[in-house]
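# Structure at a glance
Single-letter residue listing:
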Amino acid sequence: MEDDVQYYSGLRITSYILIAVLFATSVKGANQLHIGGIFPIAGKGGWQGGQACMPAAKLALQDVNENPELLPGFNLTLHSNDSECEPGLGASVMYNLLYNSPQKLMLLAGCSTVCTTVAEAAKMWNLVVLCYGASSPALSDRSRFPTLFRTHPSATVHNPTRIKLMQKFDWSRVAILQQAEEVFISTVEDLETRCKDAGIEIVTRQSFLSDPTDAVRNLRRQDARIIVGLFYVVAARRVLCEMYKQQLYGRAYVWFFIGWYEDNWYEVNLRNENISCTKEQMKIAAEGHLTTEALMWNQNNQKTISGMSSEDFRKRLNAALIEEGYDISHNRYPEGYQEAPLAYDAVWSVALAFNKTMQRLTQLNWGKNLKDFTYTDKEIANAIYAAMNSTQFLGVSGVVAFSSQGDRIALTQIEQMIDGQYYKLGYYDTQADNLTWFNKEKWDGEKVPQDRTIVRRVLRTVSLPLFICMSTISCFGIIIAIVLIFFNIWHRHRRVIQTSHPVCNTIMLFGVIICLVSVILLGIDGQFITAENYPKVCQARAWILSTGFTLAYGAMFSKVWRVHRFTTKTKTDPKKKVEPWKLYTMVSGLLLVDLIILLTWQMQDPLQRRLETFPLEDPISSNDDVKIRPELEHCESHNNSVWLGVIYGFKGLILVFGLFLAYETRSIKVKQINDSRYVGMSIYNVVVLCLITAPVAMVIASQQDASFAFVALAVIFCCFLSMLLIFVPKVIEVLRHPKDKAESKFSNDTGISKEEEERYQKLISENEDLQKLIAQKEDKIRLLKQRLSEKETKNGVHSFSDALDGTSTAGGVQFNQPAPSTLIQK
């Protein structure tokens, strides 16, 4: 009986306990505050940071619900799903959370593209959205996202740090490579503005959707050296592999990557993502790159609002991740590990905001509770917004506070990958403009990379030995010409000089001197004179070479012209002398045309210095990133081809005409101009060389040594050969016959007139006819001798044959024994 009583007593107690538990459970269920969570976890692109952020959020929920001072009488519950960092899927997850019970008071979201979709739509349900993993600068637009807050700093927080580093290392030329996502597009727009304000040139901006091959290749074409890369980690691995293929790494390149990638991001998922590079190749390409990231872990080992330090939180998070199957012991961290403190503090921000809202609702005595919130209740929504806006606490990610745009305020950390590990180089406080630098950076080659290829402009000049050689020959020619001028003047009374018109010869020699001087001017370039004086040399070249040619060739041309005129006139006195003034007039006329053309050219369109640039060349020996840009000076005017056409047309006309006259008078000698044949030969020489030199010099104008040598040799050869042909016979005659009496034997002095030439030709013709007649007579005599010989044999008559030894008569004509035929000469 007692046992039964005890049994029923125990049963009653058990029943009471069960009833109490059920009541407590029902009461606890009635005091739940529900929030929705959207985590990117299992996607194949974008940021899948929910892998580490969701376990961190669960830890935060556990700590918040265990804190008796937070949300007294209530528990915070998280309802979550995977968005895969896809905006469409994220919107679907949001609708499911909103339209499925229970009522949600706030939404948590990660990944910028999903946050953009969720935050833009959430205002229609009067919901505050807190993003723990969204860095898009576009989310700072309060007019577009009026209820958005985020514990993740905006991506624009990196840009002041990047600018500061560029200024620190004197980089004023950068390139940008971005993924075509809104978060990166808006970040680049902010970076471009800041670069413009800082005087930094953006050499190119390349974007891509999924395949960065062409974009990376274009960076190489643009000679990009300092490159800011903005893309998600999946795209970052593709970019890194393409960097290796295009060899855009090493001591000549610096890459800025986003710092929220995991430490081993470049060597994981290579096979799954079909990356064609090996881990070793990826490591080689990643060496030395810089990262900038907002501080997501509290740097001070102090207790936070949760009672933990950041290191305590790291240990708890690592344990939670190990339970979920992640190999943390071998540094195989899931994506989002760096942002995990932001997710943890985001839950604490929600709890603190709800706590403050409950106090505010109690003070206002509206008769409303936080559980009474509906999607149409703007009053409670505004109270939640105000509470969130004023939230400030020390979390495991640092001081959590929000700006007027709802952005997180944070410091920026700079790291560099050295030997496969990230090393902290410093911190930058944007608000205070304070850069804390540890001087731990390491550059390949122990030198800060340059922001561009150093292009050294090297002026191509004429080889100095070649210039000296040609100048020496020209000076020797000038000396010879001067000696011949004195020779010409000193012996002007001699017939051999006098009949060759010494003044005309002197003019030719002056022209030769001027032409040889132009050879020296052709070799004077930037190694001797400044760029400011180069146009003067250009003008001097044109004037001296043109006038020298006119004087030298014009003197010879006038002689040939007078010979042609003298021998083609029908009535010409053989003893008539050539009047010298006519020769000088022709030279003066040619010189006048030259002066008119040159003056007009110089006044209307003067020659200027123009630089021809050549492709970049590698230096012979240099460890620097240097290229050589060869340059070559040219003398050109705006309408250079027109003026050259006029000059060449005029010179070419008199060259061709002179060639024609020389050919016409090739076998004519006149005693009034005794050196006409040699003058004609000189004209042949000048014409041929000019016709060859002019086009060839234009073709090889970009080869300074070949062009100078070719033109200089042509001028020198013309000058020397002309002096040789015209003056050497005269010098030899004067040396052989010091007195004027023997000069009658000088071959060029025995000239003939036109009538004498005709008589000479007539005598030659008559002589030929007589020779033919004699030949016929001799044939007849031989025939008669043969017949007589035959007759003597038959008749034995010898007297007749003997008679023929003296004289013979045939047909009544008496013949003397002919002598050998000779040419009848005058």
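Here the structure is a predicted model, which means the values were calculated and not measured.

Attention now moves to the packing of aromatic side chains. Counting across every chain of the model gives 29 aromatic pairs. Seen from their ring centres, tryptophan 171 and tryptophan 443 are 6.1 Å apart, and the 80 degrees between their planes marks the pair as edge-to-face. Taken as a pair, tryptophan 171 in the loop between helix 5 (158-168) and strand 6 (173-179) and tryptophan 443 in the loop between strand 15 (434-437) and strand 16 (454-460) lie far apart in primary sequence, 272 residues in all. By relative accessible area, which is 2% here, tryptophan 171 ends up buried. Ring centres 5.8 Å apart and planes at 65 degrees place the aromatic pair phenylalanine 231 and phenylalanine 257 in the edge-to-face group. Of this pair, phenylalanine 231 sits in the loop between strand 8 (226-230) and helix 8 (233-246) while phenylalanine 257 sits in strand 9 (residues 254-258), and the two are 26 residues apart along the sequence. Ring-pair connections join several aromatic residues into one group, and the members of that group are Phe208, Phe231, Trp255, Phe257, Tyr261, Trp265 and Tyr266.

For the rest of this paragraph, the subject is helix 11 (residues 340-364). For an α-helix the count is 3.6 residues per turn, leaving residues at separations of three or four pointing the same way. Its 25 residues place the ends of helix 11 36 Å apart at the C-alpha level, agreeing with the 36 Å of an ideal helix rising 1.5 Å per residue. A positive phi of about 55 degrees marks asparagine 365, the residue just after helix 11.

On to the UniProt feature "transmembrane region" (unreviewed entry) in the protein chain, then. The residues that UniProt annotates with the feature "transmembrane region" (unreviewed entry) are residues 464-490, 502-522, 542-561, 581-601, 642-663, 683-702 and 708-728. Along residues 683-702 the backbone is 85% helical and 0% strand, and the end-to-end C-alpha distance reaches 30 Å.

Among the surface-exposed residues, Leu464, Ile468 and Phe528 lie close enough to one another that they form a single nonpolar patch of about 270 Å² accessible area. Along the chain, the position of phenylalanine 528 falls in the loop between helix 15 (502-522) and helix 16 (534-568).

Considering the arrangement of structural elements, one finds serine 306 in the loop between strand 10 (290-294) and helix 10 (310-323). Here threonine 304 takes part through its side chain, which lies 3.0 Å from a polar atom of the side chain of serine 306. Only 3.4 Å separates the side chain of serine 306 from the side chain of tyrosine 344, close enough to count as a polar contact. Not counting residues up to four positions away in its chain, the partners in contact with serine 306 are Tyr344, Trp348 and Val396.

Another aspect to go through is the pairing of strand 15. Moving residue by residue along a regular strand, the side chains alternate between the two faces of the sheet. Pairing analysis gives four bridges linking strand 14 (residues 421-429) to strand 15, with the strands arranged antiparallel. Across the sheet, residue tyrosine 428 finds its bridge partner in strand 15, namely leucine 435.

The next thing to look at is the pattern of salt bridges. All chains considered together, the criterion is met by 21 salt bridges. Residue glutamate 192 is joined to arginine 205 by a salt bridge in which the shortest nitrogen-to-oxygen separation is 3.2 Å. Remark: arginine 205 occurs in strand 7 (residues 201-208) and glutamate 192 occurs in helix 6 (residues 182-198); sequence separation between them is 13 residues. Overall, the relative accessible area of 27% leaves glutamate 192 in the partly exposed class. Overall, arginine 205 belongs to the partly exposed group, its relative accessible area being 33%. Here lysine 424 ties to glutamate 415 by a salt bridge, and the two come within 4.0 Å at their closest N and O atoms. Residue classification places glutamate 415 among the buried positions, given a relative accessible area of 8%.

Next up on the list: the environment of serine 172. By the secondary structure assignment, serine 172 is in the loop between helix 5 and strand 6. It is 8.8 Å that separates the C-alpha atoms of serine 172 and alanine 198, two residues lying 26 residues apart in sequence. Those residues in contact with serine 172 that sit more than four places away from it in its chain are Gly199, Ile200, Glu201, Asp451 and Arg452.

Attention now moves to the packing of helix 15 against helix 20 (residues 704-736). Orientation of helix 15 relative to helix 20, taken along the N-to-C sense of each, is 160 degrees, at an axis distance of 10 Å. As far as their axial angle goes, helix 20 and helix 15 are roughly antiparallel. Helix 15 and helix 20 meet at a crossing whose hand is left-handed. Two secondary-structure elements touch here, helix 15 through Asn505, Met508, Leu509, Val512, Cys515, Leu516, Val519 and Leu522 and helix 20 through Phe708, Val711, Ala712, Val715, Ile716, Cys719, Met723, Ile726, Phe727 and Lys730. Its residues assigned to classes, the contact of helix 15 with helix 20 shows 16 nonpolar, one polar and one charged.

Time to look at the state of the cysteines. Inspection of the entire model under this criterion finds four disulfides. Linked covalently through their sulfurs, cysteine 538 and cysteine 635 form a disulfide whose S-S length is 1.9 Å. Measuring the twist about the S-S bond at about -70 degrees, one finds the cysteine 538-cysteine 635 disulfide to be left-handed. Here the residue cysteine 538 occupies a position in helix 16, and cysteine 635 occupies one in strand 18 (residues 626-636), the gap between them amounting to 97 residues. Disulfide partners in the protein chain, listed by the sequence order of the bonded cysteines, are 1-2, 3-4, 5-6, 7-8. Cysteine 719 takes part in no disulfide bond, and the closest cysteine sulfur to it belongs to cysteine 515, at a distance of 4.8 Å.

This paragraph deals with the sheet that holds strand 13 (residues 412-418). Read from one edge to the other, the open sheet built from eight strands follows the order 7-6-8-9-10-13-14-15, with strand pairing classed as mixed. Taken across any chain shown, the strands that pair with only one partner, and hence form the sheet edges, are strand 7 and strand 15. For this sheet, the mean angle separating the axes of adjacent strands, direction not counted, is 25 degrees. Packing of helix 6 onto the sheet brings it into contact with strand 6, strand 7, strand 8 and strand 9, and relative to strand 6 it is tilted by some 170 degrees.

Time to look at helix 10. Look at helix 10: 20 Å from first C-alpha to last across 14 residues, which is about the 20 Å you get at 1.5 Å a residue. What helix 10 keeps buried is the set Ser310, Phe313, Leu317, Asn318, Ala320 and Leu321. Along helix 10, the residues classed as buried sweep out an arc of 165 degrees about the axis, all on the same side. In helix 10, the exposed positions angled more than 90 degrees off the buried face are occupied by Lys315 and Glu323. Residues of helix 10 that are buried make contact with helix 2 (50-66) and helix 11. Note on helix 10: the residue one or two positions beyond its end, glycine 325, has a positive phi of about 100 degrees.

On to unusual backbone geometry. Residue proline 102 is reached from serine 101 by a cis peptide bond, and omega for that bond is 0 degrees. Of note, the phi angle at glutamate 84 is positive, near 55 degrees, even though the residue is not glycine. Structurally, the position occupied by glutamate 84 is in the loop between strand 2 (75-82) and helix 3 (87-99). Phi angles above zero are rare outside glycine, and cysteine 111 is one such case at about 80 degrees. Structurally, cysteine 111 is set in the loop between strand 3 (106-110) and helix 4 (112-122).

With respect to the helices, strands and loops of the structure, proline 606 is situated in the loop between helix 17 (580-604) and strand 17 (608-613). Remark: the alpha-carbon pair of proline 606 and asparagine 639, spanning 33 residues in sequence, is separated by 9.5 Å. Those residues in contact with proline 606 that sit more than four places away from it in its chain are Gln539, Trp601, Glu636 and Ser637.

Time to look at the sheet that holds strand 2. Strand-to-strand pairing in sheets goes through backbone hydrogen bonds, with the strands running parallel or antiparallel. Taken together, the five strands give an open sheet; going across it, the order is 2-1-3-4-5, and neighbouring strands pair in parallel fashion. Strands at the two margins of the open sheet, each flanked by one partner only, are strand 2 and strand 5 (148-150). Adjacent strand axes in the sheet meet at a mean angle of 25 degrees, parallel and antiparallel pairs treated alike. Here eight bridges tie strand 1 (residues 32-39) to strand 2, and the two strands are oriented parallel to one another. Residue pairing in the sheet places isoleucine 35 in a bridge with leucine 78 of strand 2. Strands strand 1, strand 2, strand 3 and strand 4 (128-133) of the sheet are contacted by helix 11, whose axis makes an angle of about 160 degrees with strand 4.

Soluble globular proteins tend to pack their nonpolar side chains together in the buried interior. With 143 residues, the main nonpolar core has Leu76, Leu177, Trp255, Phe313 and Phe354 as its most contacted residues. Examining the composition of this core, we find that 14 residues originate from one element, helix 11, more than from any other. Both domain 1 (29-154 + 309-408) and domain 2 (155-303 + 412-454) contribute no fewer than three residues apiece to this core. Once residues lying within four places of it in the same chain are set aside, the contact partners of leucine 177 are Gln206, Phe208, Ala215, Val216, Leu219, Ile227, Val228, Gly229, Leu230, Phe231, Val239 and Trp255. Leu484, Leu551, Leu689 and Ala697 belong to the second largest nonpolar core, which has 56 residues in total.

Reading guide: rules and limits
- Residues numbered from 1 in each chain as written.
- Predicted model: local features only at pLDDT ≥ 70, side-chain atom pairs only at ≥ 80, totals over all residues.
- Heavy atoms only, no water.
- Phe/Tyr/Trp six-rings, centres within 6.5 Å; stacked < 30°, edge-to-face > 60°.
- Helix = DSSP H or I, 4+ residues; strand = E, 2+ residues; numbered from the N terminus.
- Buried < 20%, exposed > 50% of the residue type's maximum accessible area, 1.4 Å probe, protein only.
- Expected span 1.5 Å × (residues − 1).
- UniProt positions renumbered as here; feature names shortened; annotations may be inferred.
- Patch = residues over 30% accessible without salt bridge, like charges linked within 9 Å, V, L, I, M, F, W, Y side chains within 5 Å.
- Areas by Shrake-Rupley, 256 points an atom, 1.4 Å probe, with all protein chains shown as cover.
- Salt bridge = Lys/Arg side-chain N within 4 Å of Asp/Glu carboxyl O.
- Polar contact = N/O pair within 3.5 Å; in protein donor to acceptor, adjacent residues only side chain to side chain.
- Contact = heavy atoms within 4.5 Å.
- Pairing = 2+ DSSP bridges.
- Axes fitted to C-alpha atoms, helices over the stretch in contact; angles between N-to-C directions.
- Parallel < 35°, antiparallel > 145°, perpendicular 65-115°, else oblique.
- Left-handed = near helix turned anticlockwise from the far one by under 90°.
- Nonpolar A, V, L, I, M, F, W, Y, C, P; charged D, E, K, R; others polar.
- Disulfide = S-S within 2.5 Å.
- Arc of directions from axis to C-beta.
- Core = buried A, V, L, I, M, F, W, Y, C linked by side-chain atoms within 4.5 Å.
- Domains from an automatic or database assignment.

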